[in-house]
Amino acid sequence: MAKQTNKYWLPAAIAVLLLLLIFSIGGLVRSGANRIVGRFFHPYLELQRLVDAPLTDQSLLSLSRAELAQKVETLQKINRQFALQYAQNEKLLQENQQLRRLAKLPPSPAWNCITGEVILRDPFFWNGHFTVNRGTQDGVTPGAAVLDMAPEGKPLLVGVVISTTEDRAEVQTIFNPELRLSFKLHGQNIVGFINSGEQRAGNGKIPFDYLTMTDREVAGEVAETTGFEQLIPPNIRIGVIKSASAIDPRFSSELYLAGEISSPVDFNLLKFVIIAVRQDSR
Amino acid sequence: MTAGIFELFTALIVLIGEVLLGNCGIPLPLSMLVVLYFSATLSYRHGLFLAIFCGMILDSVYARELPFATGYLLLTAAASRPAQPERLQGEALLSVVISGAVSGGLFFIYALAVKIAVPGLTMSFWDIVGFLPLAVFGGALLCPIFFWFMDCIAKRIDVPIFYAAPAVTAVERPRPRRLPRRKASWGAVK
């Protein structure tokens, strides 16, 4: 009987021991294995992408001519708005460069925008990280910001590149608790940190903490990147502050506020991203 | 040798399928079925090897911070142990169904433990709890189908180890059967 029991417990004990071993040394092995395994899976993922694209194109055929014409018209309208914005921004940029020259300030960093496609998603950590089909050969470096475009054409922060190979890059998203970034409130110098503190991310909300105490209501304010991280451009929208700890600074000695930011990025629809690479970081 | 090649080839095909399905947002852990099949059909050592092999590949390709797949696959290898004796005698259905159900249950208990211990798992607490009966039922249903399918393939490509006689399963070297021990009685002549 004892021997019979051993028969069942032995595999379980070995499994637990191996699990502990892999948990402890897994990180070391995985970084190297990622390159090899990535190369193995690359053709299959590309194949899936090649099959996906014509299918998506074919789905357009299900729309009527009137619907298609309306879509084209809407897009043309948006393009005209972008062209106007671009012209205005170009003027401002020239003015800014001229002022910097006169004030003998160093030129502001320039950013290269690389468009990438999401080729691999983890079904169990869907919002936590993903892989894009751009790597070191395209100029992508670890630490680069990954952006999505809001419908009104403004960039939104999606995540940060954590590792790269020649042809792909792993992206850690803003919903990943490992990604800690500074943020500031739009138009103010009030700074906090996302994914810090004791709260956990979930349901499209990013926890934040260490936001400098202010007597103003912060809920509803726009959270943006600060530019403190050298490879992330400043003033990129992260989301809107949904809730913050209700503390009255007149009656409390608390120095910081904690709360949640709601991000407008829909990770289920995320297919194409923009990777902002600082030009002097290559 | 044949068994090893068949095992690795099947594992790689299933892994590609799992990654492609996962990319579409379908979290179907097919590698669990492979681990369960080879663990029950050959030996738990094969199961453990496959669990580590498939787990490391999945965790590497997704660049996960923690070896999530390796964990549940190792548990699956351990859970397949009760199915093995019956499988070896060819009376597999019930034990395979039980093993599938146990593996499905273990998977979600593991996911629950990971959810509590490590943040970042997309599924919410109530998602995991809600999926528990589905996982148990799915495991119990998918497992026999997968076993039958694999046995059919083995038969088709003529790999005798898997379909023929589970009694010769450890194949190359069939083990002698032990006779049950007799209770020693006083005054027995040796």
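Note that the structure is a prediction, hence the values are computed from the model and not measured.

Draft legend 1. Region of interest: unusual backbone geometry. The phi dihedral of Y210 of chain A falls on the positive side, at around 60 degrees, and the residue is not glycine. Residue position: Y210 of chain A is located in strand β8 (residues 205-212). Residue class for Y210 of chain A comes out partly exposed when judged on its relative accessible area of 41%. Within the chain, A63 of chain B stands out as a residue other than glycine whose phi angle is a positive 50 degrees. When you line up the elements, A63 of chain B lands in the loop between α3 (44-61) and α4 (68-79).

Draft legend 2. Quick peek at the packing of helix α1 (residues 2-23) of chain B against helix α2 (residues 30-41) of chain B. Residue and element names in this part refer to chain B. α2 packs onto α1 with a crossing angle of 160 degrees between their chain directions and a minimal axis gap of 8 Å. Classified by the angle their axes make, α1 and α2 are roughly antiparallel. For the crossing formed where α1 meets α2, the hand is right-handed. Here α1 contributes F6, E7, T10, A11, V14, L15, G17, E18 and L21 to the contact with α2, which in turn contributes L30, S31, V34 and F38. A per-class count over the contact of α1 with α2 returns eight nonpolar, three polar and two charged.

Draft legend 3. Looking closely at the environment of D167 of chain A. Residues and elements named next belong to chain A. Structurally, D167 can be placed in the loop between β4 (155-164) and β5 (169-173). With relative accessibility at 17%, the residue D167 sits in the buried group. Taking the C-alpha atoms as reference points, D167 and A69, 98 residues apart in sequence, are found 37 Å from one another. Apart from residues lying up to four places away in sequence, D167 is in contact with R39, H42, V132, N133, R134, G135 and Q137.

Parameters at a glance
Residues numbered from 1 in each chain as written. Chains lettered and ligands numbered in written order. Predicted model: local features only at pLDDT ≥ 70, side-chain atom pairs only at ≥ 80, totals over all residues. Heavy atoms only, no water. Helix = DSSP H or I, 4+ residues; strand = E, 2+ residues; numbered from the N terminus. Buried < 20%, exposed > 50% of the residue type's maximum accessible area, 1.4 Å probe, protein only. Axes fitted to C-alpha atoms, helices over the stretch in contact; angles between N-to-C directions. Parallel < 35°, antiparallel > 145°, perpendicular 65-115°, else oblique. Left-handed = near helix turned anticlockwise from the far one by under 90°. Contact = heavy atoms within 4.5 Å. Nonpolar A, V, L, I, M, F, W, Y, C, P; charged D, E, K, R; others polar.

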